[in-house]
Amino acid sequence: MARYLIKRTLQILLTLFIFLSIVFFLVNAQPGDISHVYSLNPDLPPETRAKLQDLFGVNEPLWKQYLVYVKNTLTGNFGVSFSLYPRTVADVIGERLPRTLVLFLTATVLSFYLGFALGKIVAWRRGGWVEYGSTIGSVTLYTVFTPWFALMMIWLFAFRAGWLPIGKFLDPVEWREAPTSANAVFNQMIITMIVLSVAIFAVFLFTTRKRVAGARLIQAGSIVLTAAVVAGVWIASGVAHLAWDIVEHMILPVGTLTLISFGGAMLLTRNSMLETMREDYVTAARAKGLPEKQVRDRHVARNALLPVVTSFVFSLAFAVDGGIIIESVFSWPGMGQTLISAATTEDLPLAVGAFVFVGIFVLVAHLAADVLYVYLDPRIRY
Amino acid sequence: MSERPVLAVEDLTMHYSIKAGAVRAVDGVTFSIERGQALGLVGESGSGKSSIAMTLLRLLPDNAQILRGKILLDGVDIVPLSEERMREYRWNRISMIFQAAMNSLNPVYKVGEQIIEALEAHLESAREESIERVRRLYDVVNLDPGLIVRYPHEYSGGMRQRAIIAMALACEPDLIIADEPTTALDVIVQDHILREMRSIQAELDMSMIYISHDMAVIAEVSDVVGVMYAGKIVELGGTADVFHSPIHPYTRSLMSAFPSVTGKKRELGTLTGEPPNLLDPPEGCRFHPRCPYATDVCSNQEPPKVRRGNHWAACWNPQGE
């Protein structure tokens with residue numbers, strides 16, 4: 001396993017290097033160079049233009065530029081953003097990436113969890129209105145035109161009902177007198193979320209593995225307890241209302257995204273279940289006189305999970321480039337918005353930096369999937 | 001033997017409904033098995049052997065219906081039982097050795113765990129006791145108890161088949177149905193396993209149903225043989241009787257299709273034609289279109305049972321004597 005991890009890490013580094021090179025040459029294949037953003041300004045005297053070109057290094061041969069670019073990237077220097085000058089690219093991405101990750105990870109996890117749970121039941125009870133209703137529903141959600149659907153959600157829940165804010169990351173009025181920055185609060189929220197999910201996951205793992213009596217009760221109790229502790233800590237910190245403001249802004253985009261991607265997860269689970277149900281070991285499990293629920297969950301769903309996990313990892317890639325459409329419609333200041341504004345303002349260092357982060361995340365997600373697979377399928381050994 | 005048979009099947013009829021109509025997979029099948037007895041069911045593929053096995057465990061797909069007949073397990077008819085009651089009978093009273101040992105173990109769980117799972121579904125025993133029991137079962141089937149914590153893919157084909165047999169023995173059922181238990185194995189392993197099964201059966205005084213298309217396997221392991229053709233048992237009797245003096249022309253042609261190692265060299269018999277379409281089986285005797293001895297009566301009337309001692313066949317033109 002250790003050898004495999006080392007091998008895979010080297011592979012990832014190689015892939016990343018190839019990816020970096022492709023991004024670099026693609027950008028340079030475009031007409032003009034990044035200095036044009038300044039140098040096309042007619043007020044600029046020719047000497048200044050030449051100086052700028054020297055400064056950016058665009059007069060150097062391409063291979064030299066490439067070496068400089070690789071060297072800078074390897075040392076973690078992604079350059080300076082043009083449009084948000086003087087902020088560095090790393091700083092901008094450091095702010096935007098968590099926002100996108102939280103939004104899309106929450107939605108992806110939620111939609112796969114719901115999709116799997118419902119797909120399991122639908123496959124088990126074939127025929128009847130439950131199957132037809134949920135199949136039609138999820139195909140509709142899966143194929144719906146995203147901007148229209150997102151606008152409808154805003155119109156319905158934010159405009160008509162007025163329950164939720166219309167868009168953006170936070171409400172400036174709430175934050176005017178705030179003692180801390182939004183980033184600080186948001187980072188604390190992320191840490192809270194990680195601690196919370198790790199704690200609950202550990203309790204679930206422990207109670208099911210060790211076959212503890214009353215596992216359900218302990219699980220429910222631990223969720224309530226950790227939630228109470230977390231709520232207590234937040235209220236004591238005095239910025240709970242600010243955190244709540246961010247949460248409120250998240251509900252609608254997360255809900256919309258979950259609905260859109262949930263259908264695909266459900267249909268995939270359903271098909272995977274139906275395929276697994278034909279396996280001989282399922283008949284054997286029934287023949288053993290196991291209760292239906294045990295046959296469904298332990299034998300069918302457990303094996304049907306494998307392709308769903310694969311699909312989950314692929315959709316994680318979207319968690320970084322972050323559905324440009326959704327972020328635009330909800331004015332969510334994440335990676336998707338960053339990418340599109342970098343492109344429209346010709347902020348090439350920022351665009352390239354964003355691409356690089358997307359690449360790193362996707363490669364790491366695939367590695368995580370490979371490791372996860374070892375635990376899910378004992379036939380896989382590296 | 002005057003005691004009640006372990007299993008008595010009476011006039012069992014099971015159809016699959018498909019778009020084109022009803023597939024008459026099992027049609028009026030009657031047989032019984034005494035304690036400690038082994039019944040062999042032999043026939044071509046598609047003759048309804050496996051359908052009988054699935055019907056006995058009531059593990060049929062949704063489109064199958066048991067139309068008539070009784071399945072008396074120790075005197076209790078299990079056909080009308082609710083799914084919940086039926087669950088108590090499965091494995092506890094009738095267990096099964098599946099055709100494809102390769103695929104009847106779930107790849108993601110340890111083999112021992114899958115046997116314990118069956119134990120836990122039926123017996124109120126502590127986990128340590130269950131593990132101990134699995135160890136003893138592994139001993140019985142000549143498997144190293146160290147393999148209990150291994151996954152199915154770490155077993156060889158023969159080991160897997162032994163594990164499946166251990167699993168079938170787990171709840172000490174009255175009856176074990178072995179559906180082609182050794183078909184996927186090479187001849188040497190097959191022979192070993194058949195011998196072992198035979199001796200375990202004698203030791204535990206269990207009843208067995210062996211299902212196979214292989215006459216040699218059936219001859220080796222069963223006390224009583226039933227020959228199936230197109231959803232019906234066409235001949236039933238003691239193994240020696242059926243193999244030495246077959247009555248039904250179908251049994252004869254099956255026998256002549258197998259070479260004999262010790263007998264004199266001869267041309268192997270081949271049966272012309274194909275097994276009938278069970279959507280629309282032939283009138284009268286279902287074998288008549290392929291039967292070399294067929295007469296007019298065969299094509300329009302159900303054949304009568306011809307008895308010779310404990311051995312019978314359903315035929316208008318019985319052979320031998």
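Note that the coordinates shown come from a computational prediction; the quantities given were computed from them, not determined experimentally. (Residues numbered from 1 in each chain as written. Chains lettered and ligands numbered in written order. Predicted model: local features only at pLDDT ≥ 70, side-chain atom pairs only at ≥ 80, totals over all residues. Heavy atoms only, no water.)

Undergrad: Talk me through the interface of chain B and chain A; I want residue IDs and the actual numbers.
TA: Accessible area lost upon the coming together of the parts is a frequently used measure of interface size. Taken together, the contacts link 26 residues of chain B with 20 residues of chain A. Here chain B meets chain A over a buried area of about 2100 Å², counting both sides, of which 59% is carbon and sulfur. Across the pair K288(A) and E117(B) runs a salt bridge whose closest N-O atoms are separated by 3.1 Å. At the boundary of chain B and chain A, one finds eleven residue pairs in polar contact (both at pLDDT 80 or more). With seven residues, helix α3 (residues 111–122) of chain B is the single largest residue contributor to the side of chain B that touches chain A. Its residues assigned to classes, the side of chain B that touches chain A shows 14 nonpolar, six polar and six charged. (Contact = heavy atoms within 4.5 Å. Buried area = accessible area lost by both parts, 1.4 Å probe. Salt bridge = Lys/Arg side-chain N within 4 Å of Asp/Glu carboxyl O. Polar contact = N/O pair within 3.5 Å; in protein donor to acceptor, adjacent residues only side chain to side chain. Helix = DSSP H or I, 4+ residues; strand = E, 2+ residues; numbered from the N terminus. Nonpolar A, V, L, I, M, F, W, Y, C, P; charged D, E, K, R; others polar.)

Undergrad: How would you summarise the packing of aromatic side chains if you had to cite specific residues and measurements?
TA: Counted according to the given criterion, the structure contains twelve aromatic pairs over all chains. When the ring of F112(A) is compared with that of F312(A), the centres are 5.2 Å apart and the planes differ by 80°; the resulting orientation is edge-to-face. Of this pair, F112(A) sits in helix α5 (residues 89–124) while F312(A) sits in helix α13 (residues 292–321); the two residues are 200 residues apart in sequence, bridging distant segments of the chain. Judged by relative accessible area, which is 10%, F112(A) ranks as buried. Classification of F312(A) as partly exposed rests on a relative accessible area of 22%. Here the aromatic rings of Y229(B) and F287(B) are separated by 5.0 Å at their centres, their planes lie at 80°, and the arrangement is edge-to-face. Note that Y229(B) is positioned in strand β9 (residues 224–229) and F287(B) in the loop between α9 (249–256) and β11 (305–308), a separation of 58 residues in sequence. Since its relative accessible area comes to 2%, Y229(B) is described here as buried. When its relative accessible area of 1% is taken as the criterion, F287(B) is described as buried. (Phe/Tyr/Trp six-rings, centres within 6.5 Å; stacked < 30°, edge-to-face > 60°. Buried < 20%, exposed > 50% of the residue type's maximum accessible area, 1.4 Å probe, protein only.)

Undergrad: Can you lay out the confidence of the model for chain B for me, pointing to particular residues and giving the numbers?
TA: Mean pLDDT over chain B: 88, with 95% of residues reaching 70 or higher. Our summary of model confidence lists the complex with pTM equal to 0.82 and ipTM equal to 0.86. (pLDDT = per-residue confidence, 0-100.)

Undergrad: Could you give an account of the domain arrangement of chain A, naming the residues involved and the relevant values?
TA: Residue and element names in this part refer to chain A. Domain annotation for chain A reports domain 1 (2–74) and domain 2 (89–179 + 239–376). Once you take the C-alpha centre of each, domain 1 and domain 2 turn out to be 33 Å apart. Counting residues at the interface gives 14 residues for domain 1, matched by eleven residues for domain 2. Taken together, both faces of the contact between domain 1 and domain 2 bury some 1200 Å²; the carbon and sulfur share is 84%. (Domains from an automatic or database assignment.)

Undergrad: Lay out helix α15 (residues 335–344) of chain A in plain terms, naming residues and giving numbers.
TA: When α15(A) is considered as a whole, its buried residues turn out to be M335(A), G336(A), T338(A), L339(A) and A342(A). The buried residues of α15(A) all sit within an arc of 165° when viewed along its axis, so they share a single face. (Arc of directions from axis to C-beta.)

Undergrad: Requested: an account of the pairing of strand β6 (residues 94–97) of chain B, with residues and values cited.
TA: Residue and element names in this part refer to chain B. Burial along β6 is two-sided: I94 and M96 and S95 and I97, pointing in opposite directions, are all buried. One ladder, built from four bridges, connects β6 with strand β7 (residues 175–179); its direction is parallel. Opposite S95, over in β7, you have I176 as the bridge partner. (Pairing = 2+ DSSP bridges.)

Undergrad: Go over the confidence of the model for chain A with me, naming the residues and quoting the values.
TA: Residues with a pLDDT of 70 or more make up 96% of chain A, whose mean pLDDT is 85. Across chain A, the secondary-structure element scoring lowest on mean pLDDT is helix α2 (residues 36–39) of chain A, at 65, and the one scoring highest is helix α12 (residues 280–287) of chain A, at 92.

Undergrad: Let's hear about the packing of helix α4 (residues 127–140) of chain B against helix α5 (residues 157–169) of chain B: which residues, and what values?
TA: All names here are of chain B. Remark: α4 packs on α5, axes separated minimally by 9 Å, with the N-to-C direction vectors making an angle of 125°. In terms of orientation, α4 and α5 fall into the oblique class. The way α4 lies across α5 gives a crossing that is right-handed. Of the residues in α5, those touching α4 at L137, Y138 and V140 are A163, A166 and L169. When the residues that make up the contact of α4 with α5 are grouped by side-chain class, the tally is six nonpolar, no polar and no charged. (Axes fitted to C-alpha atoms, helices over the stretch in contact; angles between N-to-C directions. Parallel < 35°, antiparallel > 145°, perpendicular 65-115°, else oblique. Left-handed = near helix turned anticlockwise from the far one by under 90°.)

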